[in-house]
Amino acid sequence: MDSPLDIAAGPARTEAPGSVSPEPSQAHDPKSPVARFGADKPLAMDAGVDLSPFQIAYQTAGTLNADRSNAVLICHALTGDQHFAHTHPVTGKPGWWETLVGPGKPIDTDRYFVVCSNVVGSCMGSTGPASLDPATGRPYGLGFPLVTIRDMVRAQAMLLDSLGIPDLFLCIGGSMGGMQVLQWASLFPERVFSAMPIATGARHSAQNIAFHEVGRQAIMADPAWAEGRYIEAGTRPAKGLGVARMGAHITYLSEPALHRKFGRRFQGGSAPTFSFNADFQIESYLRHQGLSFVERFDANAYLYLTRAMDYFDLAEDHGGVLANAFRGTRTRFCVISFTSDWLFPTSDSRAIVHALNAAAAPVAFVEVESDKGHDAFLLDEPALFSAARGFIDAAARARGL
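To start, this report covers the structure provided alongside it. (Residues numbered from 1 in each chain as written. Predicted model: local features only at pLDDT ≥ 70, side-chain atom pairs only at ≥ 80, totals over all residues. Heavy atoms only, no water.)

1. Considerations on the pairing of strand β10 (residues 363–368)
No. 1: Here strand β9 (residues 332–338) runs beside β10; their pairing, made up of six bridges, is parallel. Among the inter-strand pairings, F338 is bridged to a residue of β10, identified as V368.
No. 2: What joins β9 to β10 is helix α9 (residues 346–358), and the crossover it makes is right-handed. (Pairing = 2+ DSSP bridges. Helix = DSSP H or I, 4+ residues; strand = E, 2+ residues; numbered from the N terminus. Right-handed = clockwise from strand over helix to strand, strands pointing away.)

Given below as structure tokens:
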């Protein structure tokens, strides 16, 4: 989820797990614009807490037109951030959605003003558990209030207000980003002209909650986690976070893609070493994913964001009937799924479409044939680009853009 599938298996890294390198979070010095909200503008959170002061880090691309009608909000996935089409300040890699966003691309930055914010609870500049608690001067750690998808969307709405954007031409995102899109369309229907939730669901399944819990337990079992106070202790639960990432990354892929790229090929030759080294290429790849992830992400933020996804249940928020979340909406929807996505299977998208039909909402549905798994929405997938371009161009004509 969230990082493009760089499938080339590199050599396994050998630095000592749990060793301390510079804090990966940009909680204190984000390399992007920041909107700050003081005591007079608290964020009312579902946990019953008014978060204040707080800040939202964000990036933009393109130009806002004179009547402010061409704004696009991109909602990032679990381990994503605001750097959708900008060089990442920690990794130096290109933006995570440059396949879809840019001049001449489906989200054309020559036509649209694109905004993407780091969600509340994350670690790339928006207020989260790695941020300093103004009451103590220490990092929040587990003292930070639990975050929900609705909290993320409320904070994004406050950001758009601060940018002078009354409503959105398009709200788009995949996975956890897709949850935010659905929440936007339900919470602020008058502010969303068109919506594109991709590879997502209206609630987290028991299986997905189970996968997240394994990852959280891996982090909390790491002695370096220090009950969530690892920043103050000068440690970092790199081992636990790396294992959590390895487990999660498997769910973002598909067996056909893994077999095609790795199969049972050995990493360093044609025979086993009869050891627990990374004999197989897939082992080396997963270890690399785990180790590179801890260089850019905060462990407590991972706990908070996975829990936010677990809590998401849009039907439960509306009397147990998903259609009630969209009653009376005028938002245009395009729901997209992938045939090989077993994390958010097509049945999840169909449930959203059925609810939108029941609410008499205008909706298109596209199931993309792909063997790339859940992460297909981040990759070079021509059928996705074609569907997105067709929907966005039609919505633009209806909007008069």
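Having seen the model, we can carry on.
2. Some points on the nonpolar core
No. 1: Ranked by internal contacts, the top residues of the largest apolar core, which has 77 residues, are W184, Y302 and F326.
No. 2: Once residues within four sequence positions are removed from consideration, Y302 is found in contact with L78, T79, I219, L241, A244, A248, F293 and F297.
No. 3: L100, F338, F377 and A387 belong to the second-largest nonpolar core, a separate cluster that totals 34 residues. (Core = buried A, V, L, I, M, F, W, Y, C linked by side-chain atoms within 4.5 Å. Buried < 20%, exposed > 50% of the residue type's maximum accessible area, 1.4 Å probe, protein only. Contact = heavy atoms within 4.5 Å.)

3. So, helix α3 (residues 206–221)
No. 1: Between its first and last C-alpha, α3 extends 22 Å over 16 residues, near the 22 Å set by a 1.5 Å rise per residue.
No. 2: The set of residues buried in α3 consists of N208, H212, G215, R216 and I219. Along the axis of α3, the buried positions cluster into a sector of 100°, meaning they face one direction only. In α3, the exposed positions angled more than 90 degrees off the buried face are occupied by A206, V214 and A221.
No. 3: Close packing links the buried residues of α3 with α5 (238–252) and α8 (299–311). (Expected span 1.5 Å × (residues − 1). Arc of directions from axis to C-beta.)

4. Notes on the environment of M152
No. 1: Topologically, M152 is positioned in helix α1 (residues 149–162).
No. 2: Taking the C-alpha atoms as reference points, M152 and N118, separated by 34 residues in sequence, lie 9.1 Å from one another.
No. 3: Among residues more than four places away in sequence, those in contact with M152 are V119, V120, V147, M176, Q180, L305 and A308.

5. Some details on the packing of aromatic side chains
Pairs of aromatic rings are described using the distance from one ring centre to the other and the angle between the two planes.
No. 1: One pass over the structure, following the stated rule, counts 14 aromatic pairs.
No. 2: Summarising the aromatic geometry, the rings of F326 and F333 are spaced 5.6 Å apart at their centres and angled 75° between planes, so their arrangement reads as edge-to-face.
No. 3: By relative accessible area, which is 1% here, F326 ends up buried.
No. 4: Grouped by ring-pair contacts, the aromatic residues W96, W97 and F377 constitute a single cluster. (Phe/Tyr/Trp six-rings, centres within 6.5 Å; stacked < 30°, edge-to-face > 60°.)

6. Quick notes on helix α10 (residues 382–399)
No. 1: The first and last C-alpha atoms of α10 sit 25 Å apart over 18 residues, in line with the 26 Å expected at 1.5 Å per residue.
No. 2: Residues of α10 that are buried: L384, F385, A387, A388, F391, I392, A395 and A396. All buried residues of α10 fall inside an arc of 165° around its axis, so they share one side. Along α10, the residues that are exposed and aim more than 90 degrees away from the buried face are P382, S386 and R397.
No. 3: Contacts made by the buried residues of α10 are with β7 (168–174), β8 (192–198), β9 and β10.

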